[in-house]
Amino acid sequence: WFVTMCTQAYMASPPQGVQFKIEVKWVDQVRGLGAFALEKIPVGAIVCEYIGELVFKQELETREDMRDENPIGSRCFVLELCETKNLKIWIDSTIYGNVSKFFNSSCDPNLKRVNIKTRHSILPRAYLVSVRDICQSEELLWNYRVMPCKCTGCQIQVTPKRKEGMRNGFE
């Protein structure tokens with residue numbers, strides 16, 4: 001499965017599950033766990049879908065409050081999926097997710113998020129697609145664009161803009 005390098009696409013039947021062999025292992029104290037390719041991944045390949053629970057603003061805020069109260073061992077794996085009219089929907093893969101929640105952020109990513117719409121769903125589905133050839137043993141990275149960069153040797157520090165009452169910076 002290959003897609004063009006756009007942020008939105010249409011596909012009658014996108015692939016299910018993880019398309020390549022991936023290993024999750026410890027990276028360092030700053031980034032924690034990371035995901036690594038166990039085989040070569042060609043440019044334009046759909047690596048996997050970002051999977052999790054679909055949540056709305058009120059539920060997301062409740063979950064963020066719980067994480068703030070018990071920060072030990074609680075990591076946030078949330079991705080804004082879409083915004084339609086006045087409704088925003090996020091994917092929370094903290095509990096129910098796949099290996100994509102271990103893809104770390106980078107200013108020089110090898111993956112890009114692409115929302116793919118299908119004829120069977122009202123909402124798009126979020127996929128991670130390779131933007132260049134990825135070598136075996138290379139860490140799988142994409143740009144979150146919402147938190148300070150933790151790249152090795154990176155000097156860029158992005159501060160997320162938070163709206164009043166939001167704890168996660170996703171609005």
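Everything quoted here is computed from the prediction, not taken from an experiment. (Residues numbered from 1 in each chain as written. Predicted model: local features only at pLDDT ≥ 70, side-chain atom pairs only at ≥ 80, totals over all residues. Heavy atoms only, no water.)

Peer 1: Teacher, can you tell me more about the packing of aromatic side chains here?
Peer 2: We describe a pair of aromatic rings using the distance from one ring centre to the other and the angle between the two ring planes. In this structure the tally under the stated criterion is 2 aromatic pairs. Pairing Tyr50 with Trp142 gives two aromatic rings, centres 6.5 Å apart and planes at 65°, and the pair type is edge-to-face. Taken together, the residues Tyr50 in the loop between β4 (46-49) and β5 (53-55) and Trp142 in strand β11 (residues 141-142) connect sequence positions 92 residues apart. Assessed through its relative accessible area of 6%, Tyr50 is described here as buried. Owing to a relative accessible area of 7%, Trp142 belongs among the buried residues under this scheme. (Phe/Tyr/Trp six-rings, centres within 6.5 Å; stacked < 30°, edge-to-face > 60°. Helix = DSSP H or I, 4+ residues; strand = E, 2+ residues; numbered from the N terminus. Buried < 20%, exposed > 50% of the residue type's maximum accessible area, 1.4 Å probe, protein only.)

Peer 1: Please explain the pattern of salt bridges as it appears in this structure.
Peer 2: Where charged atoms of side chains with opposite charge meet at close range, the side chains can pair. This model, assessed by the stated rule, comprises 7 salt bridges. With its nearest N and O atoms 3.0 Å apart, the salt bridge here joins Arg125 to Glu49. Of this pair, Arg125 sits in strand β10 (residues 125-130) while Glu49 sits in strand β4, and the two are 76 residues apart along the sequence. The partner of Asp92 in a salt bridge is Arg63, with the nearest N and O atoms 2.9 Å apart. With a gap of 29 residues between them, Asp92 in strand β7 (residues 87-92) and Arg63 in helix α1 (residues 57-69) connect regions that are remote in the sequence. (Salt bridge = Lys/Arg side-chain N within 4 Å of Asp/Glu carboxyl O.)

Peer 1: What is the right way to read the pairing of strand β3 (residues 32-37) from this model?
Peer 2: When a strand is regular, its side chains alternate between the sheet's two faces. β3 sits mainly inside the fold: 5 of its 6 residues count as buried. Strand direction decides the pairing type here: strand β2 (residues 22-28) and β3, joined by 6 bridges, are antiparallel. Opposite Ile22, over in β3, you have Ala37 as the bridge partner. In this structure, the hairpin formed by β2 and β3 is closed by a connection of 3 residues. (Pairing = 2+ DSSP bridges.)

Peer 1: What exactly am I supposed to notice about unusual backbone geometry here?
Peer 2: Only a minority of non-glycine residues have a phi that is not negative, and only a minority of peptide bonds are not trans. A positive phi is found at Ser137, a non-glycine position, where the angle reads about 80°. Of note, Ser137 is situated in the loop between β10 and β11.

Peer 1: Can you walk me through the confidence of the model for the protein in this structure?
Peer 2: Atomic detail in the predicted coordinates should be set aside for any region of low pLDDT. For the protein, mean pLDDT is 77; residues scoring 70 or higher make up 70% of the total. Within the protein, strand β1 (residues 8-10) has the poorest average pLDDT of any element, 55, and β3 the best, 94. In the predicted structure, residues 1-6 sits below a pLDDT of 50 and forms 25 contacts with residues beyond four places in sequence or in another chain. Note on residues 155-171: pLDDT is under 50 here. Beyond four places in sequence and across chains, it has 33 contacts. (pLDDT = per-residue confidence, 0-100. Contact = heavy atoms within 4.5 Å.)

Peer 1: What should I look at first to understand the nonpolar core in this one?
Peer 2: As a rule of thumb, soluble globular proteins bury nonpolar side chains together. Grouped together as the largest cluster of nonpolar side chains are 22 residues, with contacts concentrated most on Ile22, Ile41, Val47, Phe103, Leu111 and Leu140. Within the residue set of this core, elements represented by two or more residues are β3, β4, β6 (78-84), β7 and β10. Looking at this core element by element, the count peaks at 3 residues for β6. Those residues within four positions of Ile41 in sequence are excluded, and the remaining contacts are Phe20, Val47, Ser130, Arg132, Asp133, Ile134 and Leu140. Counting residues in hydrophobic clusters, the runner-up holds 5 residues, among them Ile46, Val114, Tyr127 and Val129. (Core = buried A, V, L, I, M, F, W, Y, C linked by side-chain atoms within 4.5 Å.)

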